[in-house]
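# A closer look at the structure
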Amino acid sequence: MLEDWFGFGVAAGVGLGVAVLVALAVETVMRLIAKRTAWARSLMVHARRPFWMLSILLGLWIGVRAPLQGIDWWAAVMRIFTIAVIATLAWLLIGFVRFLADLALEHNRIDVPDNRLARRLRTQTLIVKRLAIALIVVIAVGASLFTFDEVRALGASVLASAGIASIVAGLAAQSVLGNMFAGIQLVFSDALRVDDVIVAQGEWGRVGEITLSYVVLDLWDDRRLVLPCTYFTTTPYENWTRQGSELLGSVEFDLDWRVSPQRMREHLEQVLTETPLYDGRASVLQVTEATQGYVRVRILVTAHDAPTLYDLRCFVREAMVLWIQSVMPDAAPAQRVLVSEQASARPGRRGVKQRSEQAGESGLFTGSASAEERASQFTHGMPRETRGGDDAVIEPATDEAAART
């Protein structure tokens, strides 16, 4: 039993007072540094309370150690202090991890142009932070349990049968472990990043969050699509911002044979000069098909990101429809039967002088320096002229591949 309560109180008071003085000195120094630097203020926000708690516990532990040694319940008090210090130390380490993660995220902002590297670092930082916090919690719980002799004996028996235990645990948590490793693979292989624009399961959206078990997509209509990490390692998906956010989009019209592609091309140039949505990289109007009574006109335009491209396509489509309705109504698609005399083929309307028109020479892969450069991306190592005979002609790309966005 404890007999000298006065000595116990003095020892506890001295230990607590020294701990408080040390904590006050450290906090004073940090406050002086925080007046000049932002990182010190962030560190105080994350670590101030666990640091004070740890200082008080260590001061009390050191102060009461000498008076309480030799009493019957000293072992129980020792175990309580040990578990409390382990928990507080884990709390402090988690604060340091969050401080370092916030510091890294602050220096890699994603709300700026050309943020591909920043998005990759942000994604990796968030995953590493979650892994570090989970590891600290597991180690703290394990260290607390190992303060009991019974748990130590149980741990020794578990280690002796580690092979069987690992097989059972692996079978029981197969899906959980698969998602966890898939999440780590996604992050550190740079296959998917926070703020990437992707198409998954037919839904277009932005990656809002990546965890060790699932990925959250913020869809364009404010819905949220939650997919397991294994989906992105086993199922093909489209990543529209893998190397950059610039995209190429198409607008197609099925028009009558009386349409004038040359006049449409001239009006397209005028439409694109009037909108800031167009980034100026490429604009092409081509006749891609002329079958089944219609002429298919395809317009290709570019924009600096996916949302802008969507609005640009809608704007170009509406502008060209209005132009066709007002300037060239004969070009509107129609089902008709043309009856004409056998020997009187009229080239145009009576009394109207027809303009001399030519097919457009500028295309997506030919006709300009930028188009030739775009074509070279699909023909590395292969000449574009005839190879292997007169009939073996290598084309740069098909219409279907060029039309995809």
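Residues numbered from 1 in each chain as written. Predicted model: local features only at pLDDT ≥ 70, side-chain atom pairs only at ≥ 80, totals over all residues. Heavy atoms only, no water.

### Observations concerning the pattern of salt bridges
In the structure shown here, the tally under the stated rule is 12 salt bridges. A salt bridge links Asp218 to Arg206; the nearest nitrogen and oxygen atoms lie 3.2 Å apart. Taken together, the residues span a long stretch of sequence, with Asp218 in strand 3 (residues 214-219) and Arg206 in strand 2 (residues 203-210) at a distance of 12 residues. With a relative accessible area of 18%, Asp218 lands in the buried category. On the basis of relative accessible area, Arg206 is assigned to the partly exposed category, the value being 33%. (Salt bridge = Lys/Arg side-chain N within 4 Å of Asp/Glu carboxyl O. Helix = DSSP H or I, 4+ residues; strand = E, 2+ residues; numbered from the N terminus. Buried < 20%, exposed > 50% of the residue type's maximum accessible area, 1.4 Å probe, protein only.)

### Let's talk about the nonpolar core
In terms of nonpolar packing, the biggest core is built from 27 residues, with Met264 and Ile299 touching the most fellow members. Those elements that provide at least two residues to this core are strand 1 (197-200), strand 6 (247-255), helix 9 (261-273), strand 8 (295-303) and helix 10 (306-326). A per-element tally of this core places helix 10 first, with 7 residues. Those residues in contact with Met264 that sit more than four places away from it in its chain are Leu255, Val259, Leu285, Val297, Met320, Trp323 and Ile324. Residues Leu105, Leu126, Val187 and Leu225 belong to the second largest nonpolar core, which totals 21 residues. (Core = buried A, V, L, I, M, F, W, Y, C linked by side-chain atoms within 4.5 Å. Contact = heavy atoms within 4.5 Å.)

### As for the UniProt feature "transmembrane region" (unreviewed entry) in the protein chain
The UniProt feature table records "transmembrane region" (unreviewed entry) at residues 6-30, 51-68, 80-105, 126-148 and 154-173. The span residues 80-105 is 100% helical and 0% strand by assignment, and the distance between its end C-alpha atoms comes to 38 Å. Split by type, residues 126-148 is 87% helix and 0% strand. Its first and last C-alpha atoms lie 35 Å apart. (UniProt positions renumbered as here; feature names shortened; annotations may be inferred.)

### Remarks on a nonpolar patch on the surface
On the surface, a cluster of nonpolar side chains totalling about 390 Å² of accessible area is made up of Val10, Val14, Val18, Val22 and Val26. Of the residues examined, Val26 reaches a relative accessible area of 36% and is grouped as partly exposed. (Patch = residues over 30% accessible without salt bridge, like charges linked within 9 Å, V, L, I, M, F, W, Y side chains within 5 Å. Areas by Shrake-Rupley, 256 points an atom, 1.4 Å probe, with all protein chains shown as cover.)

### Description of the sheet that holds strand 7 (residues 283-289)
The strands that make up a sheet are held in pairs by hydrogen bonds between backbone atoms, and each pair lies either parallel or antiparallel. Read from one edge of the open sheet, 3 strands run 6-8-7, paired in antiparallel fashion. A strand with exactly one partner marks an edge of an open sheet, and here the two such strands are strand 6 and strand 7. Within the sheet, the average angular offset between the axes of one strand and its neighbour, ignoring direction, is 25 degrees. Relative to strand 8, strand 6 is paired through 9 bridges, and the arrangement is antiparallel. Within strand 8, the residue paired with Glu252 across the bridge is Arg298. Sheet strands touched by helix 9: strand 6, strand 7 and strand 8. Its angle to strand 7, the strand with the most contacts, is close to 150 degrees. Helix-sheet contacts for helix 10 involve strand 6 and strand 8, and the interaxial angle to strand 6 is about 25 degrees. (Pairing = 2+ DSSP bridges. Axes fitted to C-alpha atoms, helices over the stretch in contact; angles between N-to-C directions.)

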